[in-house]
Structure formats: structure tokens, C-alpha cells
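# A structural walkthrough
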Amino acid sequence: KGIKSHKYNGSYPYQTQKKIIKKRIKKFVRFESEDFAGISSSWRRPRGIDNPVRRRFRGHRKMAKIGFGSDKKTRHITPTGFRKFLIT
């Protein structure tokens, strides 16, 4: 039991592996979570009718969307080229 890792062995050999490009490195933070102690910072989609984040006003934070996703071939791969997974 424990976390093991192995070299990525998908369609690309490790030597010619695609460069890992992250579209966004910063975490998506929940709206107004820094203003209230009871609200955690983990992302929740804003749903209010007047919410400036949901309405995508200039100067407000970005909303998590499908376009920020990573490439399927390089997803979950560490910078050393290993993929972490749990062995039970």
C-alpha cells in the first residue's frame, strides 16, 4: 500500500514526450471567500443573478471553465515525467 509512480508509457516514449503546458497555474478561488471566515476558498460556481464573476466583468476573477483543462496526454504527469497513482 502507498503511492508509487512510474514513467509515462502512453503513445509517446519518454524521450519524445510532449512538453507539459499548464494553461493556468493559480488556483480558482471561491468568490468572496477572503471576506468571510466561514466560507472556504475551494471553488464553487457563482450562481447569483448579480454576481460579477458569473457575469465575467472586467477586473474580477476568472471562472473555472473547460477551456482551462490540460492536454489529455500530459495530464497528471509530474515535472520529472512520472505519473502518480495509488496502489492498494
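Predicted model, so just to flag it, every value in this text is computed and none were measured. (Residues numbered from 1 in each chain as written. Predicted model: local features only at pLDDT ≥ 70, side-chain atom pairs only at ≥ 80, totals over all residues. Heavy atoms only, no water.)

### Let's talk about the overall build of the chain
When you go through the chain residue by residue, the secondary structure sums to zero helices and two strands. Burial statistics for the chain: of 88 residues in total, 14% are counted as buried. The contacts of the chain with a sequence gap of at least 6 include a subset with a gap of at least 24, amounting to 55%. Accessible surface, the chain: about 7600 Å² in total, of which carbon and sulfur atoms supply 54%. (Helix = DSSP H or I, 4+ residues; strand = E, 2+ residues; numbered from the N terminus. Buried < 20%, exposed > 50% of the residue type's maximum accessible area, 1.4 Å probe, protein only. Contact = heavy atoms within 4.5 Å. Areas by Shrake-Rupley, 256 points an atom, 1.4 Å probe, with all protein chains shown as cover.)

### Observations concerning the layout of surface pockets
Empty space among the atoms can be located by rolling a probe the size of a water molecule over them. As a volume, the largest pocket reaches approximately 150 Å³. Lining the largest pocket are Lys22, Lys23, Arg24, Ile25, Lys26, Lys27, Phe28, Phe68, Gly69 and Ser70. Residues of the lining of the largest pocket, tallied by class, amount to three nonpolar, two polar and five charged. (1 Å grid on protein atoms, 1.4 Å probe; cavity = no way out; pocket = protein on both sides within 12 Å on 5 of 7 lines; lining within 4 Å. Points joined across faces, edges and corners; volume = space filled by probe spheres on them. Nonpolar A, V, L, I, M, F, W, Y, C, P; charged D, E, K, R; others polar.)

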